[in-house]
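Survey of secondary and tertiary structure
The residues making up each chain are set out below.
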Amino acid sequence: MLLKDEVGMLQRVPLFSAIEPTKLKLLAFTSDRVSYSAGQILFRQGDEGDAAYVILSGRADILVDSDSGPIKVAELEPNSIVGEIAILCNSSRTATVRAASPLEALRIRKDHFLRLMREFPEMTIEILRVLADRLSHTTADLIDARSAK
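Residues numbered from 1 in each chain as written. Predicted model: local features only at pLDDT ≥ 70, side-chain atom pairs only at ≥ 80, totals over all residues. Heavy atoms only, no water.

If you look the protein up in an unreviewed UniProt entry, it shows as Cyclic nucleotide-binding protein from Mesorhizobium temperatum.

**Quick notes on the pattern of salt bridges**
We apply this condition: Note on definitions: salt bridges are taken to be side-chain nitrogens of Lys or Arg within 4 Å of carboxyl oxygens of Asp or Glu. Think of it this way: any DSSP run of H or I at least four residues long counts as a helix, any run of E at least two long counts as a strand, and we number them from the N terminus. Exposure is judged per residue with a 1.4 Å probe applied to protein chains only, and the accessible area is read against the type maximum: over 50% gives exposed, under 20% gives buried, and values in between give partly exposed.
Applying the stated criterion across every chain yields a total of 13 salt bridges. In this structure, Asp 61 engages Lys 72 in a salt bridge whose closest nitrogen and oxygen atoms are separated by 3.2 Å. Residue Asp 61 is found in strand E4 (residues 60-64), and its partner Lys 72 is found in strand E5 (residues 71-76); the two are separated by 11 residues along the sequence. Using a relative accessible area of 46% as the deciding quantity, one classes Lys 72 as partly exposed. We note a salt bridge from Asp 111 to Arg 109, for which the minimum N-O separation is 2.9 Å. Residue class for Asp 111 comes out partly exposed when judged on its relative accessible area of 41%.

**As for the pairing of E5**
The criterion, for reference: Strands pair, by our definition, only if DSSP identifies at least two bridges between them.
Inspection of the sheet shows E4 paired to E5 by five bridges, in the antiparallel sense. Among the inter-strand pairings, Leu 63 is bridged to a residue of E5, identified as Lys 72. Between E4 and the antiparallel strand that follows it, E5, lie six residues; Gly 69 among them carries a positive phi value of about 110°.

**Let's talk about the nonpolar core**
Note the cut-off: In this description, a nonpolar core means a group of buried Ala, Val, Leu, Ile, Met, Phe, Trp, Tyr and Cys residues linked to one another through side-chain atoms lying within 4.5 Å. In this analysis, two residues are considered to be in contact whenever any of their non-hydrogen atoms come within 4.5 Å of each other.
Phe 16, Val 54, Phe 113 and Met 123 are the most contacted members of the largest nonpolar core, which totals 23 residues. Elements that contribute at least two residues to this core include exactly helix H1 (3-11), helix H2 (21-30), strand E3 (51-57), strand E8 (103-109), helix H4 (110-119) and helix H5 (121-147). For Val 54, the residues in contact, after removing those within four places along its chain, are Val 13, Phe 16, Ser 80, Ile 81, Glu 104, Ala 105, Leu 106 and Ile 108. Ranked by size, the runner-up nonpolar core spans 16 residues in total, among them Phe 43, Ile 55, Val 97 and Leu 103.

**Quick notes on the sheet that holds strand E7 (residues 96-99)**
The line we're drawing: Angles run from 0 to 180 degrees between N-to-C directions of axes, and those axes are lines fitted to C-alpha atoms, restricted for helices to the stretch in contact.
Ordered in space as E2-E7-E4-E5, the four strands form an open sheet in which the pairing is antiparallel. Two strands lie at the open edges of the sheet, namely strand E2 (41-43) and E5, each paired on one side alone. Across the sheet, the axes of successive neighbouring strands diverge by a mean angle of 30°, strand direction being ignored. As defined by bridge partners, E4 adjoins E7 across four bridges and the pair is classed as antiparallel. Note on E7: the bridge partner recorded for Ile 62 is Val 97.

Here it is, written out as structure tokens:
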């Protein structure tokens, strides 16, 4: 895929939609394009948070470990970002991400991701929106699970 195609894909990701194309070109150039087959692991719960991933095509499952085995808690689609929590919290991965279908992603190294956040406050605000939305859904799921008992 050409660099301009990757920039076009990044512009469709809500997180990056307000960033000018020249900066997105730099992001695409400094990031790694990675491919996974269905069933392959992008990263495991407990791994070091060294990069965030933007799903370009395909789907991925988010799994968390439990006493009874892995539990699927969410599914990622194209234009989703994953892995940013470990970067922002400077902690290990909170879940495992496994390709549910053939998947292509852009792997953004931690240092580049943090630099983008410093340079583009609008991206930081969008990350906060994404995280707040996830927290809202998780809270609703927790309430449902507790009320079902």
